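# Analysis of the macromolecular model
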Amino acid sequence: MKKDAEKKLILAAIEGMKNAFTGTNKPGDMRFGAAVLTKRGNIYSSGQYYSDTYSLTLHAEQAALVHAAAHGEYEIAAIAITGNEPCGDTKSDIDNSIYPCHMCKQLLWESYLRSKLNTEIILADEKGKVLERLKLLDIMSHTWPRGK
């Protein structure tokens with residue numbers, strides 16, 4: 001991915017994080033954001049959407065995928081994910097990476113099964129610093145359904 005496209009994608013994820021609905025929307029609430037880059041070159045972003053039932057909460061990755069789908073785009077070339085708090089033990093930047101949960105990886109996997117695009121996953125901090133770059137197929141094991 002070109003550097004300018006990566007920068008736009010990360011900035012869109014940060015914007016999604018800022019717009020996340022946390023339930024209380026207090027400034028100090030934990031927020032997550034994600035943005036997807038489609039095969040057509042468009043970017044769609046969102047933050048998480050909190051639900052009082054918890055089970056209906058949408059993760060930022062899920063919401064960004066839905067945002068792209070709402071515009072008729074289903075082929076995801078890359079996704080950037082960010083959050084406003086460290087998710088590791090802060091020994092290093094990689095320890096602070098915000099990995100997609102298994103539900104979000106499952107949605108990315110199903111997208112891969114349809115598009116055959118090995119989605120690039122960019123993990124960034126809230127200031128836009130890239131913490132880690134991954135490829136979907138490198139982090140998937142024991143998939144359902146099995147790879148085709």
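Here, every reference points to the structure presented above.
To keep things clear, this report deals only with the structure shown in the data block. (Residues numbered from 1 in each chain as written. Predicted model: local features only at pLDDT ≥ 70, side-chain atom pairs only at ≥ 80, totals over all residues. Heavy atoms only, no water.)

### Details of the overall build of the chain
Definition in use: By definition, any uninterrupted DSSP run of H or I lasting at least four residues is a helix, any uninterrupted run of E lasting at least two residues is a strand, and each is numbered from the N terminus. Radius of gyration here is computed from C-alpha atoms only, and the compact-globule reference equals 2.2 Å multiplied by the residue count raised to the power 0.38. Summary of the burial criterion: residues with accessible area below 20% of their type's maximum are buried, those above 50% are exposed, and those between are partly exposed, where the area comes from a 1.4 Å probe applied to protein chains only. Any pair of residues with heavy atoms lying within 4.5 Å of one another is described as a contacting pair. Note on areas: these come from Shrake-Rupley sampling with a 1.4 Å probe, and a residue is covered only by the protein chains present in the view. Here the positive residues are Lys and Arg and the negative ones are Asp and Glu; neither His nor the chain ends is included. Positions of charges follow a simple convention, taking NZ of Lys, CZ of Arg, CG of Asp or CD of Glu.
Within the chain one finds four helices and five strands. N-terminal to C-terminal, the α/β element order of the chain is α-β-β-α-β-α-β-β-α. Taken against the 2.2 N^0.38 rule, which gives 15 Å for 148 residues, the C-alpha radius of gyration of the chain at 14 Å falls within 12% of a compact globule. For the chain, the C-alpha atoms occupy an extent of roughly 45 × 35 × 30 Å along the three principal directions. The proportion of buried residues among the 148 residues of the chain is 43%. Partitioning the intrachain contacts of the chain with sequence separation of at least 6 by distance along the chain shows that 64% fall at a separation of at least 24. When the accessible surface of the chain is split by element, carbon and sulfur atoms take 54% of a total near 8,400 Å². Treating the 19 positive side-chain charges of the chain as one cloud and the 18 negative ones as another, the clouds have centres 6 Å apart.

### Quick word on unusual backbone geometry
Note that the residue after W144, namely P145, is joined by a cis bond; omega there is -15°. One can find P145 in the segment after α4 (136–139). Notably, Y54 is not glycine yet its phi reads approximately 65°, a positive angle. Along the chain, Y54 turns up in the loop between β2 (43–47) and α2 (60–70). Phi is positive for H142, close to 50°, though the residue is something other than glycine.

### Looking at helix α3 (residues 102–115)
Here is the rule: In a helix, the anticipated span is given by 1.5 Å times the number of residues less one.
For α3, which comprises 14 residues, the first-to-last C-alpha distance of 20 Å matches the rise-based estimate of 20 Å (1.5 Å per residue) to within 8%. Of the positions making up α3, those classed as buried are C104, K105, L108, W109, S111, Y112, L113 and S115. Those residues of α3 that are buried are in contact with α2, β3 (76–83) and α4. Immediately beyond the C-terminal end of α3, within one or two residues, lies K116, with a positive phi of roughly 65°.

Just distances and angles here, no functional claims.
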